[in-house]
Amino acid sequence: MHPIPIRLNLEQEAAVKHPAGPLLIIAGAGTGKTRVITERAAYLLESEPNLKPENVVALTFTERATEEMAARIHARVGDRAAGKVHVHTFHSFALKLLREQPGGEEAVRNTELLDNVDFWILLRRHIERLRLEVFWKNAAPGQFLRDLIEFMSRAHDELVSVEDYESYVEALQLEGDAAAASGLQAADFQEQMKKEREIARVYRVATELLAEAGARTFGDVITAAVRLLRDEGVRRHYQERLRAILVDEFQDTNVAQIELLHLLAGSHRNITVVGDDDQAIYRFRGASFESFNMFAQKFPEFQKVKLTQNYRSTQRILRMSNQLIRVNPDRFDPDKNLWTEKPAGEPVRLFESSEPDDEALALAERIDQLHHAGRPWNHLAVLFRARRHRELLLAALRRRGIPFRVVGISVLGDPQVRDLFSAARFFSWLHDSISCARLLGLRRWNLTEHDCAALSRRTSEQRKAASGRPSLFDVMTDLAADAAHPLNAKVKLFVEWTQAMHKQISGRPAAAFFKALAAELAERQARMGGMPATDSDYHAEEMAPAVRRVVEFVEAWQKKNGEAPLKHFLGYWDLFLEAGGDVPEKEEEQPQDSVRLMTVHAAKGLEFPMVFVLRLTQGSFPTRERPPLLPFPEALRKEGELPLGNIHLQEERRLCYVAMTRAQDELYLSTVVKPRWKRSDFLADLDSNRALASREMEKIVVAPSGEQLDEDAVLDPGRNENDIPTSRLPYWALRNARVLPSEPSHKTLQLSASAMETYSTCPAKYKFAYEYKLAGGPSPALTVGALMHECIREFFAMKKARDTFAFGDLQQFFEGRWRSIGFEDQYQEARYRQNALDQLRRFYDKNLPLPAAVMAQEKGFEFSVGDVTVIGRIDQINELSSTDVELIDYKTGRPRTQKDADHNLQLSVYALACRESLHRHPAQLAFYNLESGEKVVTERSDAQLQLERQKISDVAREIRERRFPPRKNFFCPLCEFLSICPAFEGESPPQ
DNA sequence: GTAGGTGAGGTTTTT
DNA sequence: CCTCACCTAC
């Protein structure tokens, strides 16, 4: 894209023609680094008669870079030689070494390489082996595993083995014991040691699990190669064979990789590394902030060559980028100043808005203008620090009809894909009512929102009446047999389809079924004149790109898993998602002439004529620092002293530098300044040279528009239902029509405390749960909670009858009522069960000796606040005096604090109910935390209760106005309505 | 000044 | 759920 000079410039030539020996090429952004490294390979081959192509190895980090380098070397040195030069990623090179050993071929062939997601799944499937204590969480057993994987990856990057870590922990213990002996023992030292010992233990067990599974992580591969090369014979062999080593993007290497290089080049020392210390942005995945220093240490005789002529950017862009990076105090090469022969160009423009919505609108407008002034869309790129920052801009681009492509966006938000997974789930588990509901929204059944709501409500009523748990599909099966019911015909159609599809699954491999399902959902058979869908005649080219990606994913899984059926795949899929797995769209599937949106990380190594950088605000860019749950101990780091400056901020600054130096012709920076949102420190860095800034930059203050962009506006609620080929349920959820026409709007609204709390967290969730009355499967936390309530009731019943009794009697009741449903696996169930039993025991021990003052348990109530009927049930009422009572709410799970109790709506509602319908004075309100066995007592004043009544009326009013917008929040990933939520229709799923 | 309450906002990702 | 910035109250 930029004019590559036919001849090398002086610096480049110096780098290329440097004599053999350790060479460090510091190549600034846009200085022709890849060209230099290829030329250098060619030069070494031409100048050293003894050096053959097979003696040269070039290492990169990504497959993409490998391909590019191989192609360039090919073009430069011709067919025969190029085929022999080893061009590899670090990992494929290490794997090759292992494979070349005697017996290695077989050993490596039987070794599966696991990415983080598959490693997570391996650990999750054997979590009982980890025997987690400190890091165990009943409700989220897998949560810790991500942190563990991150930790292990760091350990491998730093060449810290299990044994190394164990000795570290031992040493810590000894140190602590010594301190204790001299009376200096810190109070939380033992707590800390418990953690450390657990980390050491799980590191060991996880390593054993990998070995048993015949699997390796990426970090493993490198450390194994290092171990191999520590053998003198092996090392000598490779040192003789590989006599010229070239490394690209050297600033991204970690300690283990540098050690690998050192072992390889130790004797001949003919190693060339190319990189830019100012573009080191992968510290979080182990890249050493000190790679360059370590190179200097291991190859002290090294020579340094600098490339400073930039062929990419205009002078102004370059000057401002230089100005930014100059602020970093800990640069390896502080005197590097990039220059260019390109013209001064346009000023760097800074947009300053007072709302994020205005930022998005203003940038979209400018993008439109640039296009109309003659720029093709694909000249434009928008970069951001975090993916979340793109959402409003997407809305603004959509509004203007600007074509865009989001690099690496997930296909899992695609409505067709969501249909596909709901269908796969539903046909595997017919009682999955939420998946069923999504399918009811397909237009082929001709069901209306009213119909669906009626079916779902009917299910809810039957659920209350029956002791089992009838599902939506059970209810539909009944109706299909009831010819008199008005929905009979439509329902029958659905039930028959389901039965036919369900039959298809049994005995068929998952991938075949997925394909058939994709054809089915694409309404293909309708277009083909009613032909039944089979997988074999549905070709990939016919599928929508997103669906095709998913089908390919399932096929790849199938290949590894023989003839495994659909249920088996879905079991894997649940884990895959929980592990944070994703299926990204392929770039070539997206419109080519379009504005590109990507993270700054994804933009590294790329260049664009016009670049926009979003959200330069404190906390967004730079992000705030967040240490990992399992920080890698300082003492085990093999690098030198940490630099004094703020490492995190410096890395963020380099990231900003990378973003800025992507621009060729024009650079736009954008910030938002409003209460609590301050402009980024980086803007101050740019401004710190006032004269420079006023010469090279132009500030554009964006006038407040007052407009609001809806980031979830992928769905157009005004769209004609019949034009929607995928499930219409998410669209319906956004509409504010009454879900049932028969319900008069004046009917008294009934609300429980939890309904009101649900509405406050997310109105759409309220609509699903309380308007449609949809319910997913039982969750472990709720089932166990309900059982504990039963047990407590039983406890007081026994106490009333016999005054004293053995715990065994209560335990027997507990065991008899335990139901094994809804748990992720047997181990989680066992842990829950043990935990629940412990709680019960504690409760028994504590309460058996106490006098029973229980007036009532599970006391239902109903009272009015204005035109709302508040309904609910009080767990327990204790008599304090003839007028006063105490109201208790039992809590399993996380113990509630005093603050929780003081503000909890449920307790306020209890207090109101007590006065209004029980006519007693609620002198005490309490959470009884079963986990800790502690009671947290609180009270409510008249004034407070008055306020709570107001709150209830407020929520009721909003519900009456029928506004149910989805509200994205921290808990979305856990929400049972995720698969039908309008906020994630067409959007990446939450992580 | 600081304690305590309130509200908003909450990474990046290759092999 | 957890952290941080900012506000109010002493």
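If you're wondering where the values come from, they're calculated on a predicted model, not measured in any experiment. (Residues numbered from 1 in each chain as written. Chains lettered and ligands numbered in written order. Predicted model: local features only at pLDDT ≥ 70, side-chain atom pairs only at ≥ 80, totals over all residues. Heavy atoms only, no water.)

*Asks:* Whenever I open this one, the overall build of chain A confuses me. Can you help?
*Replies:* In terms of helices and strands, chain A carries 40 helices and 21 strands. Compactness check: chain A gives a C-alpha radius of gyration of 33 Å against a globular reference of 30 Å for 991 residues, within 12% of the reference. Projected onto its principal axes, the C-alpha coordinates of chain A cover approximately 100 × 75 × 65 Å. Every one of the 991 residues in chain A was classed for burial, and the buried ones make up 53%. Considering only intrachain contacts with a sequence separation of at least 6, the fraction spanning at least 24 residues in chain A is 78%. With an accessible surface of roughly 44000 Å², chain A has 51% of that area assigned to carbon and sulfur atoms. Charged side chains in chain A number 134 positive and 143 negative. The centres of these two groups are separated by 1 Å. (Helix = DSSP H or I, 4+ residues; strand = E, 2+ residues; numbered from the N terminus. Rg over C-alpha atoms; globule rule 2.2 N^0.38 Å. Buried < 20%, exposed > 50% of the residue type's maximum accessible area, 1.4 Å probe, protein only. Contact = heavy atoms within 4.5 Å. Areas by Shrake-Rupley, 256 points an atom, 1.4 Å probe, with all protein chains shown as cover. Lys, Arg positive; Asp, Glu negative; His and termini not counted. Charge placed at Lys NZ, Arg CZ, Asp CG, Glu CD.)

*Asks:* Explanation requested: the environment of Leu-380 in the structure shown.
*Replies:* Looking at where Leu-380 falls in the secondary structure, it is placed in strand S10 (residues 380-384). Judged by relative accessible area, Leu-380 falls into the buried class, the value being 0%. Note: C-alpha distance between Leu-380 and Leu-370 (10 residues apart in sequence) is 8.9 Å. Dropping the residues within four chain positions of it, Leu-380 is found in contact with Ile-367, Leu-370, Ser-594, Val-595, Arg-596, Met-610 and Phe-612.

*Asks:* Looking at this model, I keep getting lost on helix H3 (residues 63-77). Mind explaining?
*Replies:* Helical geometry: 3.6 residues make up each α-helical turn, so side chains three or four residues apart lie on a common side. For H3, with 15 residues, the first-to-last C-alpha span of 21 Å sits near the 21 Å given by 1.5 Å per residue. By the burial criterion, the buried members of H3 are Thr-66, Met-69 and Ile-73. Taken around the axis of H3, the buried residues stretch over an arc of 70°, which confines them to a single face. Away from its buried face, by an angle of more than 90 degrees, H3 presents the exposed residues Arg-64, Glu-67 and Ala-75. Just downstream of H3 lies Gly-78, where phi reads positive at about 85°. (Expected span 1.5 Å × (residues − 1). Arc of directions from axis to C-beta.)

*Asks:* Can you walk me through the sheet that holds strand S7 (residues 271-275) in this structure?
*Replies:* The strands that make up a sheet pair up through hydrogen bonds in the backbone, lying either parallel or antiparallel. Reading across the sheet, the six strands line up as S3-S2-S6-S7-S1-S8 and stay open at both edges, with parallel pairing between neighbours. Each edge of the open sheet carries a strand with a single partner, namely strand S3 (86-89) and strand S8 (303-307). Averaged over neighbouring strand pairs, the angle between their axes works out to 15° when direction is ignored. As defined by bridge partners, strand S1 (residues 23-27) adjoins S8 across five bridges and the pair is classed as parallel. Each bridged residue has a counterpart across the sheet, and for Ile-26 the counterpart in S8 is Lys-306. (Pairing = 2+ DSSP bridges. Axes fitted to C-alpha atoms, helices over the stretch in contact; angles between N-to-C directions.)

*Asks:* What is the right way to look at the environment of Gly-785 in this model?
*Replies:* Mapped onto the fold, Gly-785 is located in helix H35 (residues 780-802). C-alpha of Gly-785 to C-alpha of Phe-553: the two residues are 232 residues apart in sequence and 38 Å apart in space.

*Asks:* I keep staring at the sheet that holds S10 and nothing clicks. Help me out?
*Replies:* If you trace the seven strands from one edge of the open sheet to the other, you get S11-S12-S10-S13-S14-S9-S15, paired in parallel fashion. Every interior strand has two partners, whereas the edge strands, strand S11 (404-406) and strand S15 (697-701), have only one. Averaged over all pairs of adjacent strands, the angle between their axes in this sheet comes to 20°, without regard to strand direction. Across four bridges, S10 lies against strand S13 (residues 608-613) in parallel orientation. In the strand pairing of S13, Val-382 is matched with Phe-612. Contacting strand S9 (348-353), S10, strand S12 (595-599), S13, strand S14 (663-672) and S15, helix H17 (residues 356-372) crosses the sheet at an angle of about 160° to S14. Of the strands in this sheet, S10, S13 and S14 touch helix H29 (residues 647-660), which is tilted by about 135° from S14.

Limitation: the analysis is restricted to geometry and does not speak to function.
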